[in-house]
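If you want the building blocks of each chain, they are given just below.
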Amino acid sequence: MKSYLTHLECTYCSVTQSADVAHRVCPDCGKVLYPRYDLALAKKALDRSALKDRAANMWRYFEVMPILDEANVITLGEGYTPIFQAARLGEDMGASSLYIKDEGLNPTASFKARGLSAAVSKAKELGITKLTMPSAGNAAGAMTSYAAKGGMEAYVFMPKDVPEANRQEVLITGGNLTLVDGLISDAGQASKARAAEEDLFDVSTLQEPYRVEGKKTMGYEIAEQMGWTLPDAIIYPTGGGTGIVGMWKAFAEMEEMGWIGSERPKMFAVQSDGCAPIVRAFDNGDEFAEPWQNAATMAAGIRVPAAIGDYLILGAIRESGGGALTVTDDEILRYMRKVASLEGMFICPEGAATAAALSKLLSDGRLSSDDNILLLNTGSGLKYLEVL
Ligand SMILES: *Cc1c(COP(=O)(O)O)cnc(C)c1O
Ligand SMILES: [Zn+2]
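Please read all numbers here as calculations on a predicted model, not as lab measurements.

Novice: Let's hear about the coordination of the zinc ion (ligand 2): which residues, and what values?
Specialist: Protein coordination at the zinc ion (ligand 2): the donors are C10 (SG), C13 (SG), C26 (SG) and C29 (SG), at 2.3 Å from the metal. Taken together, the 4 donor atoms coordinating the zinc ion (ligand 2) and their angles of 99 to 118° define a geometry best described as tetrahedral. When the donor residues of the zinc ion (ligand 2) are listed from N- to C-terminus, their spacing reads C-x2-C-x12-C-x2-C. Taken together, the residues C13 in the loop between β1 (5-10) and β2 (16-17) and C26 in the loop between β2 and β3 (33-37) connect sequence positions 13 residues apart. Note on C13: relative accessible area 35%, which makes it partly exposed.

Novice: Tell me about the packing of aromatic side chains, and name the residues and values.
Specialist: For the structure shown, the criterion picks out 9 aromatic pairs. Between the aromatic rings of F111 and Y236, the centroid separation amounts to 6.1 Å while the plane-to-plane angle is 55°, which identifies the pairing as tilted. Of the two residues, F111 is situated in the loop between β5 (97-102) and α3 (112-125) and Y236 in strand β10 (residues 233-237); the sequence distance between them amounts to 125 residues. Since its relative accessible area comes to 2%, Y236 is described here as buried. Clustering of aromatic rings is evident, with ring pairs tying together Y61, Y220, W228 and W259. The aromatic ring of Y4 is capped on one face by K2, whose charged end is 5.1 Å from the ring centroid. The ring of F111 carries K215 above its face, with NZ or CZ at 3.9 Å from the centroid.

Novice: Could you give an account of the sheet that holds β3, naming the residues involved and the relevant values?
Specialist: Read across the sheet, 3 strands follow the order β2-β1-β3 without closing on themselves; strand pairing throughout is antiparallel. The two strands at the open ends of the sheet, each matched to only one other strand, are β2 and β3. The sheet contact formed by β1 and β2 spans 2 bridges and is antiparallel. Bridge pairing links L8 to Q17 in β2.

Novice: Can you lay out the side chain of E78 for me, pointing to particular residues and giving the numbers?
Specialist: Relative to the elements of secondary structure, E78 occurs in the loop between α1 (39-45) and β4 (83-85). Comment: no salt bridge for buried E78; closest opposite-charge side chain is K149, at 8.2 Å. Here W59 takes part through its side chain, which lies 2.8 Å from a polar atom of the side chain of E78. In terms of polar contacts, E78 uses its side chain to reach the side chain of S117, at 3.2 Å. Excluding residues within four positions of it along the chain, E78 makes contact with N57, M58, W59, N106, P107, A113, R114, S117 and Y146.

Cut-offs used in this document
Residues numbered from 1 in each chain as written. Chains lettered and ligands numbered in written order. Predicted model: local features only at pLDDT ≥ 70, side-chain atom pairs only at ≥ 80, totals over all residues. Heavy atoms only, no water. Donors = N, O, S within 2.8 Å, 3.2 Å for Na, K, Ca; no water. Tetrahedral: all angles 85-135°; square planar, octahedral: opposite > 155°, others 65-115°. Helix = DSSP H or I, 4+ residues; strand = E, 2+ residues; numbered from the N terminus. Buried < 20%, exposed > 50% of the residue type's maximum accessible area, 1.4 Å probe, protein only. Phe/Tyr/Trp six-rings, centres within 6.5 Å; stacked < 30°, edge-to-face > 60°. Lys NZ or Arg CZ within 6 Å of the ring centre and 35° of its normal. Pairing = 2+ DSSP bridges. Lys, Arg positive; Asp, Glu negative; His and termini not counted. Salt bridge = Lys/Arg side-chain N within 4 Å of Asp/Glu carboxyl O. Polar contact = N/O pair within 3.5 Å; in protein donor to acceptor, adjacent residues only side chain to side chain. Contact = heavy atoms within 4.5 Å.

Right, here's the structure in full:
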């Protein structure tokens, strides 16, 4: 298989950069860089009907993935997770056509595996051997797992109150863990300082160009698994927003390759009312989101007070005709129990937030009972035993 990666492009000022050397953010404006592909050639090389013969993981879309040499792919089998019809939950909630894509079935038990498989593989291809990252949750264990498999060194900086599972997965995979007395922003400072001292490459989300390429494969899979017809709405628990902007990128790429038409799902971003910078910016009609003060929610993956890709998230949800809304931690817990008892799925709090959001969207009429609706369950509830 061959990748049709051509270059990097700034999503804000459109300046282009070479994809042959390591970059983090745009050197001109400091915003997010996206990998770009020769999609006309990719389209000729890969007919969507040929996908059925490919391995059931996210690397089946290799032509539009950023690794040039297949030998550099570090994989634990991430992606191609199932989409289940949630008939009993749908009946309970009054949604006749409700689906859940279960990202909890990924290696490391969350969809962070997708982004880190892509980013760690690309770092390896570019000759980088030492990685660092601040994390409040699942990204850390995903990074250290792929670094372990790739024989690379990994440093992680975490607030000292992160969930036990997230600490243990870093340690057992051989990551260098530093617990920071403070918040994720303090962990970020510590990671930056160490990166400068020891020449570590920082793979914070959307602050390097390749994690989004792993997460965009959710968009490819949704199209492929639903027979190349996208759902009417996708509800996504939004932290850094890499998944939502990744799916949005995938839809544009697929349209350019003639795999789907111009219709898009309404994209809904869900946050906790204890940390909702994107919802506030959406409601205010702002292009960027102000950092959220005193962020608090047990849904660690969406406790992200400031996102570098805020303008991309807000752009996607507005263009899609979707929206942004909050749920409370109580609602999250209630829906964790409801989804488990009706569907047999022990989903994570972030995933449960999408079900709680759906009930609001149905009652305020933004979605209707016969819409085809997809919830993203982004991880396994087994990583969050403390919150129960
Ligand atoms: C990181 C994370 C999220 C948020 O993902 P983004 O793409 O950064 O918005 C949601 N759920 C879980 C379980 C996570 O680990
Ligand atoms: Zn720029």
